[in-house]
Amino acid sequence: MGTEWTSFFYLYGVGGFVFVGSLILARKRGALDLETRDGRKVLRYLILGYAAYIAFHALTQFVLPAWGGP
Amino acid sequence: MHGFLGTTVDLTVIVVYFIGILAFGSYFARYTKSTTDFFFAGRRFAWWLVAVSGVATTVGSYSFIKYSEAAFKYGLAATQTYTNDWMWMPLLALGWIPIIYYNQIRSIPEYFDRRYGTTVRSLYTALLMLYLLGYVGINLYTLGVAVNALMPSVEILPAAIAVAVFTGIYVTAGGQASVIMTDLVQAILMLIGGIIIFFAGIYHLGGIGEFWGALPPDSRHSLGEFAGKSSISFIKIFWQDGIANSFAFWFVNQGMVLRFLAAKSAREAQKAVLFNSLFLMPVAAFAVCNAGLVGRAMVAVGILPENSDASRIFVTVSHMATFPGLFGLIMAALIAALMSTADTLVNGISSIAINDIWRPYLLPGRTDRFYLNLARVHCVGIMAFGLALVPVFAGFATIYDAHGAFTAAITPPLVVALFLAIVWRGFNRAGALAVLLLGTFLVTISLFHPEVIRPFAHGVISEIKPGDPAYKMFPYMRACYGILVCLTVGIVGSWIGGWRFNEPAYPATGSLSVGSLLDLMRSFKNGEPDPDGGKEAITQFEILPGDASDEVIVPESLASQIHARPGDLLYLCDCRAWLGGLKSAHARVGEIRGESGPLLVPEGLVVDGGLVRERPIRVEKLM
């Protein structure tokens, strides 16, 4: 596996641990209340944001470098 | 124009811009009547204003000069530092913002005081002041480099002094309201400027395909090598910036705490950080790196010489790709962006000095006016201290080297102490003391004996030159070493404290680690909250003359519209949305009286909030 893949998995592995761990902690302690509209909305945006960053890094780490131009 | 890279038109644009921004900032001094207004802008602003103001501060701290230099050397990898913060957002939005907002915590030392008492607070304050003062120094140094690139005949230190004096004037005069409003203008200008340079550069290169095709393959990876070789290409930036500095910036930096507290509600602060991280940060990443990427492509096709100076590449590309007038505007935006960070930091340090040192300990019980004037004196002193650090940072090879080495060394104890306090209820005073004393000691040891970092270095090759001081070895991976060592001493210290010295795990009052949102809201409101809140209506109001309370009298028709009951917290705001909450006030429902009619608002609230009698207001139930 090349260093491009290692970097990607390291970022979303260690970073993902922090991200998911914080969500689980917040849910467990009642800081994230999924019974409320606000709680559901915040969770939706957080997950959407994380997915957007994964897509961004996948695109700019693996797809664009191989592209020579339009 | 002698000694100036641009034309007379550019210089005129820069001068006009700065006179305009000075007048603009000073105008908002009228909204500063107390220390609460000076530091927190009266907790009144809408999320979008807080978000844009926040990105101006973020971008200012990393600057066009520094990231264009990095993008010129390492390509797309220079965007990493702006795109690796998302992992912290759940803890920030769901944990930290509700804690500081609902507990009405004005500074991080105050947080530690409430949780662990004065000893931990004092230690944390000392480290925090060092961190923030160092940041002011780095920003002033970067400002000096920027002005020097623009006007090579002006040396870095005199340039930094000139800009420090200018920045000091409007922060000192206006406080947080000035900072937020000027940041808004500067952020917009700065982002537009960065994007214009990109498209102008693409035009010079002949199109997007030519630009991308001209970039060397190594420059096309977003997680590529940054600041030297290592076995995992981005590892140094991940630990120094993603883990240590991002946490420090969002959670520890007093400037950001002030931003969150300036929001009209915790929900608005959450919205601001999510919008900032998801949308504004990626845009800002490209705005600051574009010139470096375009510059690298220009070198490849022969438009720029091979030996182009990386630290001046932003100014060089801007000058080449734009025209007179626009170049001046972009340079004004560049300097303004750097000033945004400096002004926020100065205001933040001043806030800590007043609220954590002078008010509780050294000169308690004085009038608010006295503390307000003292805060203004501090702004001047902080600028002077920051300027004294400029020659120290000038000793590093690049701006990012100075920034990276500084943050990797100073942030680990600050980050770990706060992180454990937020997430772990069992983290006690002994653990906090262990991190702040033993952790700091162990990080200091690594400055003199950097070999201790090697086991944590993930295979990073230290490129130290013969004769270099020891602290230049593993400057980035010191963050990894520091974080892991501090985590260990914190956990062990807390365990020993609880077991051997019977240290209490968690104070009986207040919710100072991640906990129930409803409990926090309940204690903030002093009653049962409606967690969905958010109902609003537009209405006319009448003034209750001579009334200085915060209780409004609500007609039944309005109360049923916004589902308000006596004791509920309301936000009253001028109905012009574009003001972003500048004219607004917080109130409590005192009584529900009469079927219909206007809302009755105490005179004190109308004056403090700057509400205009003839205009309808937007009434929102917060909880």
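Since we're looking at a predicted model, the values are computed, not measured. (Residues numbered from 1 in each chain as written. Chains lettered and ligands numbered in written order. Predicted model: local features only at pLDDT ≥ 70, side-chain atom pairs only at ≥ 80, totals over all residues. Heavy atoms only, no water.)

Moving on to the overall build of chain A. Scanning chain A from N- to C-terminus turns up two helices and zero strands. Taking 11 Å as the expected radius of gyration for a compact globule of 70 residues, we find that chain A reaches 16 Å, considerably beyond that expectation. Dimensions of chain A, computed from C-alpha atoms along their principal axes, come out at roughly 50 × 25 × 10 Å. Counting over 70 residues, chain A shows a buried share of 46%. For chain A, the share of sequence-separated contacts (at least 6 apart) that also reach a separation of at least 24 residues comes to 58%. Counting only carbon and sulfur atoms, one obtains 70% of the accessible surface of chain A, whose full area is about 3800 Å². (Helix = DSSP H or I, 4+ residues; strand = E, 2+ residues; numbered from the N terminus. Rg over C-alpha atoms; globule rule 2.2 N^0.38 Å. Buried < 20%, exposed > 50% of the residue type's maximum accessible area, 1.4 Å probe, protein only. Contact = heavy atoms within 4.5 Å. Areas by Shrake-Rupley, 256 points an atom, 1.4 Å probe, with all protein chains shown as cover.)

What follows is about the nonpolar core. Counting residues in each nonpolar core, the largest one holds 202 residues, and the members touching the most others are F251, L418 and I422 of chain B. Counting only domains with at least three residues in this core, you end up with domain 1 (8-412) and domain 2 (530-621) of chain B. Aside from chain neighbours lying at most four places away, what touches I422 of chain B is R29 of chain A together with L91, W96, I99, Y111, R115, F247, F251, S513 and V514 of chain B. In terms of nonpolar packing, the next biggest core, distinct from the first, is built from 20 residues, V552, A559, L605 and I617 of chain B among them. (Core = buried A, V, L, I, M, F, W, Y, C linked by side-chain atoms within 4.5 Å. Domains from an automatic or database assignment.)

Looking now at the interface of chain A and chain B. At the junction of the two partners, chain A supplies 39 residues and chain B supplies 48 residues. Note on chain A versus chain B: buried area summed over both sides is about 3800 Å², and carbon and sulfur give 68% of it. Among the residues of chain A in contact with chain B, Y10, R29 and Y53 of chain A are the three that bury the most area, contributing 20% of the side total. Taken together, chain A and chain B are joined by one salt bridge. Taken together, the links from chain A to chain B amount to 17 residue pairs in polar contact (both at pLDDT 80 or more). Breaking the side of chain A that touches chain B down by element, the ones donating at least two residues are α1 (3-29) and α2 (37-63) of chain A. (Buried area = accessible area lost by both parts, 1.4 Å probe. Salt bridge = Lys/Arg side-chain N within 4 Å of Asp/Glu carboxyl O. Polar contact = N/O pair within 3.5 Å; in protein donor to acceptor, adjacent residues only side chain to side chain.)

All names here are of chain B. A residue-level look at chain B finds 89% of positions with pLDDT of 70 or above and a mean pLDDT of 82. No element of chain B has a lower mean pLDDT than helix α2 (residues 35-40), at 52, and none a higher one than helix α18 (residues 429-448), at 95. Across the interface, the model reports ipTM at 0.95; the global pTM reads 0.84. (pLDDT = per-residue confidence, 0-100.)

In a pair of packed helices, the angle between the axes and the distance between the axes together describe the arrangement. Residues and elements named next belong to chain B. Between helix α11 (residues 235-252) and helix α12 (residues 254-262), whose axes approach to 6 Å, the crossing angle comes to 45 degrees. Between α11 and α12, the crossing angle belongs to the class labelled oblique. Within the contact between the two elements, α11 uses F249, W250, F251 and V252 and α12 uses Q254, M256, V257 and F260. For the contact of α11 with α12, the residue count by class is seven nonpolar, one polar and no charged. (Axes fitted to C-alpha atoms, helices over the stretch in contact; angles between N-to-C directions. Parallel < 35°, antiparallel > 145°, perpendicular 65-115°, else oblique. Nonpolar A, V, L, I, M, F, W, Y, C, P; charged D, E, K, R; others polar.)

Residues and elements named next belong to chain B. Of note, the phi angle at H458 is positive, near 55 degrees, even though the residue is not glycine. Within the fold, H458 resides in the loop between α18 and α19 (478-500). Phi is positive for H563, which is not a glycine, with a value near 55 degrees.

Right, let's get into the side chain of T411 of chain B. On the secondary structure map, T411 of chain B appears in helix α17 (residues 399-423). For T411 of chain B, the contacting residues outside a window of four places in its chain are Y131, A244, N245 and A248 of chain B.

Turning our attention to the pattern of salt bridges. All names here are of chain B. Summed over the entire model, instances satisfying the criterion amount to 14 salt bridges over all chains. Measuring nitrogen to oxygen at the nearest pair gives 2.6 Å for the salt bridge that ties E620 to K264. With a gap of 356 residues between them, E620 in strand β7 (residues 617-621) and K264 in the loop between α12 and α13 (266-300) connect regions that are remote in the sequence. Both residues of the pair, E620 and K264, count as buried. Note that E620 is salt-bridged to R618, the shortest N-O span being 3.7 Å. By relative accessible area, which is 17% here, R618 ends up buried. Members of the salt-bridge network, linked through shared partners, are K264, E536, R618 and E620.

Turning our attention to α11 of chain B. Along α11 of chain B, the helix axis deviates most sharply at N245 of chain B, where the bend reaches about 40 degrees. Among the 18 residues that make up α11 of chain B, 18 are buried, leaving the element largely enclosed by the rest of the structure. (Bend = angle between axes of the 7 residues up to and from the residue.)

Okay, the pairing of β7 of chain B next. Residue and element names in this part refer to chain B. In terms of burial, β7 is a largely internal element, five of the five residues being buried. Burial along β7 is two-sided: I617, V619 and K621 and R618 and E620, pointing in opposite directions, are all buried. Relative to β7, strand β1 (residues 536-539) runs antiparallel, the two being bridged by four bridges. Residue E536 lies in a different strand from β7, and its bridge partner there is E620. Pairing between strand β4 (residues 569-574) and β7: five bridges, direction antiparallel. Directly across from Y571, in β7, lies its bridge partner E620. (Pairing = 2+ DSSP bridges.)

Taken together, the side chains of R37, R40, K41 and R44 of chain A make up a positively charged region of the molecular surface. Looking at the secondary structure, you find R40 of chain A in helix α2. (Patch = residues over 30% accessible without salt bridge, like charges linked within 9 Å, V, L, I, M, F, W, Y side chains within 5 Å. Lys, Arg positive; Asp, Glu negative; His and termini not counted. Charge placed at Lys NZ, Arg CZ, Asp CG, Glu CD.)

On to the environment of P412 of chain B. Residues and elements named next belong to chain B. When you line up the elements, P412 lands in helix α17. Placed 31 residues apart in sequence, P412 and V443 show a C-alpha to C-alpha distance of 8.1 Å. Other than its neighbours up to four places away in sequence, P412 contacts T407, V443, A479, G482, I483 and C486.

A few words on the side chain of R478 of chain B. Residue and element names in this part refer to chain B. Locating R478 in the fold gives a position in helix α19. Buried within the structure, R478 lacks any salt-bridge partner; E451 is the closest side chain of opposite charge, at an N-O distance of 10 Å. Polar side-chain contacts of R478 include one of 2.9 Å to the side chain of S446. Setting aside residues up to four positions removed in sequence, R478 forms contacts with A408, A409, V443, S446, L447, P450, I453, A470, Y471 and M473.

Residues and elements named next belong to chain B. Together, V492, W495, I496, W499 and F501 give the surface a local cluster of nonpolar side chains, amounting to about 600 Å² of exposed area. Relative to the elements of secondary structure, F501 occurs in the loop between α19 and α20 (517-525). Given a relative accessible area of 58%, F501 falls into the exposed group.

The next thing to look at is the packing of α11 of chain B against α17 of chain B. Residue and element names in this part refer to chain B. Their axes nearest at 7 Å, the elements α11 and α17 cross at an angle of 60 degrees. With respect to their mutual orientation, α11 and α17 come out oblique. Crossing handedness for the pair α11 and α17: left-handed. Only Y400, H403, G404, T407, A408, T411, L414, V415, L418, F419 and I422 of α17 make contact with α11, whose side of the interface consists of I237, Q240, D241, A244, N245, F247, A248, F251 and V252. (Left-handed = near helix turned anticlockwise from the far one by under 90°.)

Our next topic: the packing of aromatic side chains. In this description, a pair of aromatic rings is defined by centroid distance and the angle of the planes. Taken as a whole and assessed by the stated rule, the structure comprises 42 aromatic pairs over all chains. Ring plane angle 70 degrees and centroid distance 5.5 Å describe the contact between Y12 of chain A and Y50 of chain A, whose orientation is recorded as edge-to-face. You can see Y12 of chain A sitting in helix α1 and its partner Y50 of chain A sitting in helix α2, a full 38 residues away along the chain. In terms of burial, Y12 of chain A and Y50 of chain A fall into one category: buried. Relative to F524 of chain B, the ring of Y101 of chain B has its centre 6.4 Å away and its plane inclined at 50 degrees; by these criteria the two rings are tilted. With Y101 of chain B in helix α5 (residues 89-102) and F524 of chain B in helix α20, this residue pair connects regions lying 423 residues apart in the sequence. Judged by its relative accessible area of 3%, Y101 of chain B is buried. Members of the aromatic cluster, connected to one another through ring pairs, are W88, W96, Y111, F112, Y116, Y124, F247, F251, F419, W424 and F427 of chain B. Above the ring of Y371 of chain B, the side-chain terminus of R359 of chain B is found at 4.6 Å from the ring centroid. (Phe/Tyr/Trp six-rings, centres within 6.5 Å; stacked < 30°, edge-to-face > 60°. Lys NZ or Arg CZ within 6 Å of the ring centre and 35° of its normal.)

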